[in-house]
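Residue-level structural notes
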Amino acid sequence: MSIADASNSKPPLSVRLRGQLGGYGFLLPWLLGFVVLTLGPAVSSFYLSLTDFGLMGSAKWIGAENYVRIASDDPRFWTAMKVTFTFVLLSVPLKLVFALAIAVALNKGLRGLTIFRAIFYLPSLIGGSVAIAVLWRQVFSGDGVLNQVLSALFGYEGPSWISNPSTSLYTLVLLAAWQFGSSMIIFLAGLRQIPTDMYEAASIDGASRRRQFIKITLPLLTPVIFFNAVILTIDAFKAFTSAFVVSDGSGGPIDSTLFYTLYLYQEAFTNFRFGYASALAWVLVVIIAFFTALSFMSAKYWVHYDD
Amino acid sequence: MTDTAHLPSAVEADSTPDGDKHSPMKRALIYALLTAVSFIMLYPLLWMVSSSFKPENEIFATTSLIPQEFTLDAYRRGWNGLSVSFGHMFLNSLLISVLVVVGNLISCSMAAYAFTRLQFKGRGFWFALMLGTLMMPQHAVLIPQYLMFLKFGWVNTIMPLVVPKFFAIDAFFIFLMVQFFRGIPRELDEAAIMDGAGPLRIFLKVILPLSTPVMATAAVFSFIWTWDDFFAPLIYLNDIEKYTAQLGLRTFVDATAQSDWGALLAMSTLTVLPIFILFLLFQRLLIEGIATTGMKR
Amino acid sequence: MTTVALKQIQKRYGAVEVIRGVDLQISSGELVVFVGPSGCGKSTLLRMIAGLEPISGGELAIGGARMNEKAASERGIAMVFQSYALYPHMSVYKNMSFGLETLRMPKPEIDKRVRKAAEVLQITQLLERKPKQLSGGQRQRVAIGRAIVRDPKIFLFDEPLSNLDAELRVQTRVEIAKLHADIGATMIYVTHDQVEAMTLADRIVVLRAGKIEQHGTPLEIYNKPVNRFVAGFIGSPKMNFLDVSVIERRDDGVVISLAGAKVVVPLVDRTGAGATLNLGVRPEHIKVNGAGSVHLGVLTITHIEHLGGQTIVYGRLADKQTLIVAMEGQTLLGTGETLNVSIAPEHCHLFDAEGRRLAD
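Predicted model only: the values in this text are computed from it and were never measured.

Turning our eyes to something else, we now look at the overall build of chain B. Along the backbone of chain B there are 15 helices and 0 strands. Dimensions of chain B along its principal axes, counting C-alpha atoms only, are 70 × 65 × 35 Å. The buried share of chain B, reckoned over its 297 residues, is 58%. Summed over its atoms, the accessible surface of chain B is roughly 12100 Å², and 68% of this surface lies on carbon and sulfur atoms.

Moving on, we come to the overall build of chain A. Helix and strand content of chain A: 14 helices and 2 strands. Counting only C-alpha atoms, chain A reaches 95 × 75 × 35 Å along its principal axes. Counting every position in chain A, which comprises 307 residues, the buried fraction comes to 56%. When contacts within chain A are restricted to residue pairs at least 6 apart in sequence, long-range pairs at least 24 apart make up 65% of them. Accessible surface, chain A as shown: approximately 13500 Å² in total, 67% of it carbon and sulfur.

Once that is clear, we can look at the pairing of strand β10 (residues 211-216) of chain C. All names here are of chain C. In terms of strand pairing, strand β9 (residues 203-208) meets β10 through 5 bridges, oriented antiparallel. Within β10, the residue paired with Arg208 across the bridge is Lys211. Hairpin connection, β9 to β10: the antiparallel pair is bridged by 2 residues, and Ala209 has positive phi, about 50°.

The final tally for this structure, using the stated rule, is 65 aromatic pairs over all chains. In this structure, Arg208 of chain C is placed above the aromatic ring of Phe229 of chain C, and the distance from its NZ or CZ to the ring centre is 4.4 Å.

The subject of this paragraph is a nonpolar patch on the surface. All names here are of chain A. Together, Leu28, Leu32, Val35, Val36, Leu39 and Val43 line one region of the surface with nonpolar side chains, adding up to about 490 Å² of accessible area. Take Val36: it is sitting in helix α2 (residues 13-48). Look at Val36 and you get partly exposed, because its relative accessible area is 40%.

Take the pairing of strand β18 (residues 322-328) of chain C next. All names here are of chain C. Pairing analysis gives 7 bridges linking strand β17 (residues 310-316) to β18, with the strands arranged antiparallel. For Val313, the partnering residue across the bridge sits in β18 and is Val325. The turn joining β17 and β18, which pair antiparallel and follow one another in sequence, is formed by 5 residues; a positive phi near 75° is taken by Lys320.

With that settled, consider the domain arrangement of chain B. Residues and elements named next belong to chain B. Partitioning chain B into structural domains gives domain 1 (19-71) and domain 2 (86-293). Averaged C-alpha coordinates put domain 1 and domain 2 at centres separated by 33 Å. Between domain 1 and domain 2, the residue contacts involve 8 residues of the former and 9 residues of the latter. Buried area between domain 1 and domain 2, both sides added, is near 620 Å², and the carbon and sulfur share of it is 75%. On the domain 1 side of the interface with domain 2, the three residues burying the most area are Met48, Ser52 and Glu56, jointly 64% of the side's total. Inspection of the domain 1/domain 2 interface yields 0 salt bridges. Between the two partners, domain 1 and domain 2, sit 0 residue pairs in polar contact (both at pLDDT 80 or more). Tallying contributions element by element places helix α2 (residues 24-52) first for the side of domain 1 that touches domain 2, with 5 residues. Here the residues of the side of domain 1 that touches domain 2 sort into 5 nonpolar, 2 polar and 1 charged.

The rules behind the values
Residues numbered from 1 in each chain as written. Chains lettered and ligands numbered in written order. Predicted model: local features only at pLDDT ≥ 70, side-chain atom pairs only at ≥ 80, totals over all residues. Heavy atoms only, no water. Helix = DSSP H or I, 4+ residues; strand = E, 2+ residues; numbered from the N terminus. Buried < 20%, exposed > 50% of the residue type's maximum accessible area, 1.4 Å probe, protein only. Areas by Shrake-Rupley, 256 points an atom, 1.4 Å probe, with all protein chains shown as cover. Contact = heavy atoms within 4.5 Å. Pairing = 2+ DSSP bridges. Phe/Tyr/Trp six-rings, centres within 6.5 Å; stacked < 30°, edge-to-face > 60°. Lys NZ or Arg CZ within 6 Å of the ring centre and 35° of its normal. Patch = residues over 30% accessible without salt bridge, like charges linked within 9 Å, V, L, I, M, F, W, Y side chains within 5 Å. Salt bridge = Lys/Arg side-chain N within 4 Å of Asp/Glu carboxyl O. Domains from an automatic or database assignment. Buried area = accessible area lost by both parts, 1.4 Å probe. Polar contact = N/O pair within 3.5 Å; in protein donor to acceptor, adjacent residues only side chain to side chain. Nonpolar A, V, L, I, M, F, W, Y, C, P; charged D, E, K, R; others polar.

Here is the structure:
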């Protein structure tokens, strides 16, 4: 508009500066942290992944050699991949199914909901601690609780589930599944969001409860299922403590619990191969990013959004 | 994602409308099932606690949860089972956890305030980057961070565990607070502006006093996660005098070589105890926090 | 007490212009009401005066001094918000003293002012309560109290009564009018309710789509609305608009055809034969059974609303145009019956095809 003269359209510099300073003043700690502790290290970690670099001496540029070695000449990498993928593919669906089933059961208007909810949530709050890993190690050891129970109930003398390479990973899957509580709480919150009148309308239409669950509850819950699946998958790829404690940091027996992060840790902080470990870290980042992107792309085929 | 302000109704109500339609039989069945699952889930924990009060020879003799002979012996053996007492390591853990809580609360609330309430160029851009860091695995920055702290001479001190928290490195908490701050009516800020208050005074006198629920949630989660953290202390703390309770427990596993399960389970129980107490005190806050953000460890 | 001057004030959000060049002089001690439908920009305009929204163009002067760049707190203004915006965590006393503490006023002076304002508003016994322990009306008083203590030169009200129930709204309206009479400060008041505007204002400013349609005293606006929009917005029930066409121009006015009949309406504006016009008549001005000299025709009643003191009659003229009549008192008439309706010449409003008022 011609009426507005140019000097009017903006407040003077001092006023604008004051506003900017306020904003950046409060953001400063995060901004510094982001640049120094995240952005900088991310860039330099990528650089390191292209070098040969240990605790001594300086980084030596070797181009893509680390990545080539990972792909073609590192059997432990492939073991770690296999272990990690097995863990992810088993623990995530198990957790989702448990969490959803219990949430649906709890959403039936039972008395004592808060108590059950607390009981089911507790394991996921403490499950990541060393104490629980220690406990798990005991429960599934040769003379552990599980075998005591099996022997008392069925007279079956079980093996040491932890030190048997063909079962050790599954004890960790079970430990993960045991911690379905926080997903359950998110499901519960999601179930509460489904308007009651939808069920009432469906009842009047003569839909059975099973049909209501399949045709109303599940579709309306898909955004929550999706969210939980993505978060659980990312978390599962990053699992570390339980495997470390149960296997004494070795990933054993015979690398059967060599989680990717555990292998990464060993390369970086036991063998001090910082360059190679950086490359391993970036491979993990790419894998996680790939699966996250894949889930988001798949979402439009099965996730139901209102708007 | 749900608005924090409406949360209590979303998670607290003890009954849902489709409740009455079940037959008493079906109801009883659901109860029985839930009780059974609860028992199986809690059994290992209960066993851990009860075994810690049993004499060593009783632990493996019975699966009963009630000690026939109640003794604190295992606690005595465990407490001084390493060259440094567990008490010392608990204090280390406490110091680190408290500092982390303070750091997170200050730095994350400042960032969340800037993102939700202040106008400045590039706000949207930085906010998007912040959300991006939520998704990013820490492994990508781990090694350079380690090398940097090594250069600072911070390895084998608590600095690498604590200092980053004063720079809002835990984007999760920023996100949690952003969600909450968005629920505080903007007219309150405007009333304060009319009252002559600047951004700092509005932050301190209006926003923060109204945010005690989210600050408490952030504090409790911060504390629990730091208390439980194993990876960072494992990397950065070398001397046993510096160890956290988690590191101590893990060292204890090696030291006892599983010969003294009683002591090990006693110390395990002790390391979980603070979390359990916080859980009992702040259960509602924790559950609401999870339900709002849908995020967890 | 001070003046407010708006010169070609504009507000743009990117390419969207929400305030499109507003000029207005508000004199010292005046109570001006901004009224208009939602989305007309009245709240935005108020917030620009308050300093909560930057001004994109034009100049705002308060007491003769340019204010565009001044922070809200430096403009000598207090504002009462629609939601009251009381600080929930502070007591009533703290709510009122917060602004004074920000100014670093000495404690005894703060105390004196808060107690005096509380007395004026009769909320002394509530000073230690928290806002959530108060009723809607009490919150409203605290919000006003918070404005008063700062002794501002200008009060701004942003739809302050919209959260109150009908009875309290009337009561508070009277109190605001009294407050204005007592302290004599300049006040700017935003509402979408034309009754509030009519009853409170020294001067009404009618806004539409970011522009002033008309400003003047309530009666000026009521008696001489400058266009169809203002005519329809002010007054309740709404003004009737009838389609008419000009048959003949005479010295004392125009002859128009209405529902087949010829009607003479006084008009000085130049409008030739054949023009299509709108005849505006207020329901309360329509006379039944031939008391007015401009005959509107025969109305067939389709619906009746009995308000007790007043009766609203809905009906159709011979050519099916609808007409609403507000009759004093009560009636025994029923649906289907007919009325002869007419109106005094001075109560006829004629608008041209673009909706502009034709001078009479």
